[in-house]
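What the coordinates show
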Amino acid sequence: MIEVVEYRASWPDRFAALRDAYAAALQEAEAPFRAIEHVGSTAVPGLAAKPVIDVDVVVDPAHVSAAVSALATIGFEPRGDLGVPDRQAFRTPERFPPSNTYVVTAGSLALRNHLGVRDVLRADRALRDEYAAVKRSAGAEARDIDDYLERKSGVLSRVLDEAGLSAEERDAITAVNRGITGRGARG
């Protein structure tokens, strides 16, 4: 069973603590960044979610390595792109709240995917509620995280359509997600 819980008012504060730690590490390392974005379901008020904060550290392509190194200085273990172009993933050290933290390239499909989902679900209450119902059902019925991701794919495609991503971009995201589930979402 995948843990999906009702929205918690503490999630923005958990994100803020992560954002502040990341910003301090990036500034200390003189690693330029454009933004630190709260993405994923915990970034959408009222949306049920796995209680893990998703964060995108947005950088220009030339600064990916510097940002990865900066986060490593505070204990984040680099895991590579895990099959997602223009995105570097990390294992979160135990001293931080549970997170899925990524360094993503500005303008990349990975970033537009995350921001599009967040922004559409913040703006469209009916779609947010439908997505929450799918997440609750998937969390209760899925055999594993890969099955959970697959069960959400239909509604996510509609969300991405609403976000203005083209059919080709949505297909590319679906292919990447299926590649992740094909080898196991945990990498």
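Here is a short report on the structure shown in this document. (Residues numbered from 1 in each chain as written. Predicted model: local features only at pLDDT ≥ 70, side-chain atom pairs only at ≥ 80, totals over all residues. Heavy atoms only, no water.)

**Focus on helix α3 (residues 109–123)**
Since the α-helix packs 3.6 residues into each turn, any two residues three or four apart lie on the same face. Basically, it comes down to this: Per the convention used, a helix needs a DSSP run of H or I reaching at least four residues, while a strand needs a run of E reaching at least two, with both numbered from the N terminus. Here, expected helix span is obtained from the residue count minus one, scaled by 1.5 Å. Only protein chains enter the area calculation, which uses a 1.4 Å probe; residues under 20% of their type maximum are buried, those over 50% are exposed, and those in between are partly exposed.
Taking 1.5 Å of rise per residue, the 15 residues of α3 would be expected to cover 21 Å, and the 21 Å separating its terminal C-alpha atoms lies within 8% of that figure. Along α3, the residues that are buried comprise A110, L111, N113, H114, L115, G116, V117, R118, V120 and L121.

**Focus: the sheet that holds strand β4 (residues 87–91)**
Heads up, the rule is: We treat two strands as partners when DSSP finds at least two bridges between them. Fitted lines through C-alpha atoms give the axes, limited to the stretch in contact for helices. The angle between two N-to-C directions lies from 0 to 180 degrees.
One open sheet accounts for five strands, arranged β1-β2-β5-β4-β3; its pairing is mixed. Since the sheet does not close on itself, it has two edges, and those belong to β1 (35–39) and β3 (77–80), each with one partner. Going from strand to strand, the sheet's axes swing by 30° on average, the running direction of each strand aside. In this sheet, strand β5 (residues 99–105) lies alongside β4 in antiparallel orientation, the contact comprising three bridges. Looking at β5, one finds that A89 is bridged to Y102.

**Concerning the pattern of salt bridges**
The condition is simple: Any Lys or Arg side-chain nitrogen located within 4 Å of an Asp or Glu carboxyl oxygen qualifies as a salt bridge.
Here the structure, examined in full by the defined rule, presents 14 salt bridges. Two residues, R128 and D129, come together in a salt bridge whose shortest N-O distance is 3.0 Å. With a relative accessible area of 36%, D129 lands in the partly exposed category. A salt bridge links R170 to D161, with the nearest nitrogen and oxygen atoms 3.2 Å apart. By relative accessible area, which is 43% here, D161 ends up partly exposed.

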